Amino acid sequence: PEFPGCHNNELTSNHRPKQHGRFKLWFNQPGRKSRRLENRKAKAAAVFPRPVDGAIRPVVASMTSRYNTKVRMGRGFTPAECKAAGISTKEAMQVGIAVDFRRTDKSEEAMKRNVERLEAYRAKLVVFGKGQKATGTQVRGTVMPIVHAAPTIATMAITEEMKSFDAFNKLALLRHQHKQAGKCAALRHDAD
């Protein structure tokens, strides 16, 4: 019989791949979990009574025509938005308001929305004096998260006219008329 390979060499055993180094063991996973929890607690205690997740952010529209209908959290409020809300940029940064000196407002609606957001935040804000004991509960999670309104779907009863309407043939007729519009116009022009 014919043997694969060359000469009288040993047949290779390629069907047993090496197993060493293929697996990573995560015996430290429970320890890391508890360490992350302790770090979160320590961070929260260090920034008390300020919010754990940092400063309040503006609501901005995403970039490009594909995504500009979606709103998301931005980097910071513009100086113009802070001024309209009656807050200086220096004071804003001191009381937990993120300020972005590069962003500009492209529309009145966006500016109005963020000014209202700042005013609502300022109404809820509690500032403790120097040397005064901080009390109260600490905000955990995003400060004033974006609330997306649930879409409303209008329903209606299906009429007999709707059932009898043949959309496929109607669209085919309109396509045909659009395609023949030039010829029909030329014929009418010749007839005149």
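Scroll up for the structure.
Here the structure is a predicted model, which is why all the values come from computation and not from measurement.

(A) Main features of the overall build of the chain. Within the chain one finds 8 helices and 2 strands. When the elements of the chain are put in sequence order from the N terminus, they spell out α-β-α-β-α-α-α-α-α-α. Scaling as 2.2 N^0.38, a compact globule of 192 residues should have a C-alpha radius of gyration of about 16 Å, whereas the chain reaches 34 Å, well beyond that. Along the first, second and third principal axes, the C-alpha set of the chain runs to 95 × 90 × 40 Å. Counting all 192 residues of the chain, 16% fall into the buried class. Within the chain, counting contacts between residues at least 6 apart in sequence, those at least 24 apart form 61% of the total. A total accessible area of about 16,800 Å² is found for the chain, and carbon and sulfur atoms account for 57% of it. The centroid of the 36 positive side-chain charges in the chain is displaced by 14 Å from the centroid of its 17 negative side-chain charges.

(B) Representation of the nonpolar core within the structure. Residues Ile-56, Phe-77, Cys-82, Ala-92, Ile-97, Leu-118 and Tyr-121 are the most contacted members of the largest nonpolar core, which totals 13 residues. If you tally residues by element for this core, the top one is helix H5 (residues 108–124), at 3 residues. Contact partners of Ala-92, with chain neighbours within four places excluded, come to Cys-82, Ile-87, Ile-97 and Val-99.

(C) The pattern of salt bridges, seen in detail. A full pass over the atoms with the stated rule returns 6 salt bridges. Where Arg-103 meets Asp-105, a salt bridge forms, and the shortest distance between an N and an O atom there is 3.6 Å. The salt bridge partner of Glu-160 is Lys-163, with a shortest N-O separation of 4.0 Å. Linking Glu-160 with Lys-163, this pair stays in helix H6 (residues 160–164), spanning 3 residues, or about one helical turn. Classification of Glu-160 as exposed rests on a relative accessible area of 60%. Overlapping salt bridges bring together Glu-81, Arg-103 and Asp-105 as one network.

About the cut-offs
Residues numbered from 1 in each chain as written. Predicted model: local features only at pLDDT ≥ 70, side-chain atom pairs only at ≥ 80, totals over all residues. Heavy atoms only, no water. Helix = DSSP H or I, 4+ residues; strand = E, 2+ residues; numbered from the N terminus. Rg over C-alpha atoms; globule rule 2.2 N^0.38 Å. Buried < 20%, exposed > 50% of the residue type's maximum accessible area, 1.4 Å probe, protein only. Contact = heavy atoms within 4.5 Å. Areas by Shrake-Rupley, 256 points an atom, 1.4 Å probe, with all protein chains shown as cover. Lys, Arg positive; Asp, Glu negative; His and termini not counted. Charge placed at Lys NZ, Arg CZ, Asp CG, Glu CD. Core = buried A, V, L, I, M, F, W, Y, C linked by side-chain atoms within 4.5 Å. Salt bridge = Lys/Arg side-chain N within 4 Å of Asp/Glu carboxyl O.

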